[in-house]
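Chain and residue survey
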Amino acid sequence: VEREARLALGETGVVLVGRPDRIDRHADGRLQIFDYKTSSPPGAADRDRSDDQLSLLAAMALAGAFGDVTAGLRGAAYVSLSPSVKTPVIEVPTGEE
């Protein structure tokens with residue numbers, strides 16, 4: 001179930017709002033974030049030109065916006081549900097590698 005979370009950035013007045021499609025908690029405590037797409041996932045050039053949704057969600061997760069995270073992130077990925085997409089899973093760097 002998608003669940004919205006909010007993360008205030010100090011005293012800046014900026015609030016990040018995110019709703020990941022799926023978050024898995026692995027046995028080691030690390031989180032894996034997924035964003036499902038009905039067509040092609042955004043390519044690297046698209047992510048460089050605009051806000052990278054998964055990177056923001058990863059930062060929010062590391063800051064505890066989706067509950068206690070003690071072991072960090074396992075990763076984040078866009079997953080295409082389209083059968084015509086040649087690369088259906090695109091891993092996104094989260095800074096935890």
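Below, the structure is looked at part by part. Here the residue index of a chain counts from 1 through its sequence in written order. Thresholds applied to this predicted model are a pLDDT of at least 70 for local features of residues and 80 or more for the giving and counting of side-chain atom pairs; totals over whole chains, interfaces and linings are not thresholded and use all residues. Each side-chain value is derived from all of the structure's non-hydrogen atoms; neither hydrogens nor water enter the calculation.

Some words on the pattern of salt bridges
A pairing counts as a salt bridge when a side-chain nitrogen of Lys or Arg comes within 4 Å of a carboxyl oxygen of Asp or Glu. Under the criterion given, the structure shown has five salt bridges. Note that Asp 24 is salt-bridged to Arg 22, the shortest N-O span being 2.7 Å. Connected via shared salt-bridge partners are Glu 4, Arg 6 and Arg 19.

Focus: the environment of Leu 16
For helices the rule is a DSSP run of H or I covering at least 4 residues; for strands it is a run of E covering at least 2, with both sets numbered from the N terminus onward. Along the polypeptide, Leu 16 turns up in strand E2 (residues 15-18). Assessed through its relative accessible area of 19%, Leu 16 is described here as buried. Sequence-wise, Leu 16 and Met 60 are 44 residues apart; in three dimensions their C-alpha atoms are separated by 7.7 Å. If we ignore the near neighbours within four places in the chain, the residues touching Leu 16 are Ala 5, Arg 6, Leu 7, Leu 9, Leu 56 and Met 60. Note on exposure labels: buried denotes an accessible area under 20% of the residue type's maximum, exposed denotes more than 50%, and partly exposed covers the range between, all computed with a 1.4 Å probe on protein chains only. Should any heavy atoms of two residues lie within 4.5 Å, those residues are counted as being in contact.

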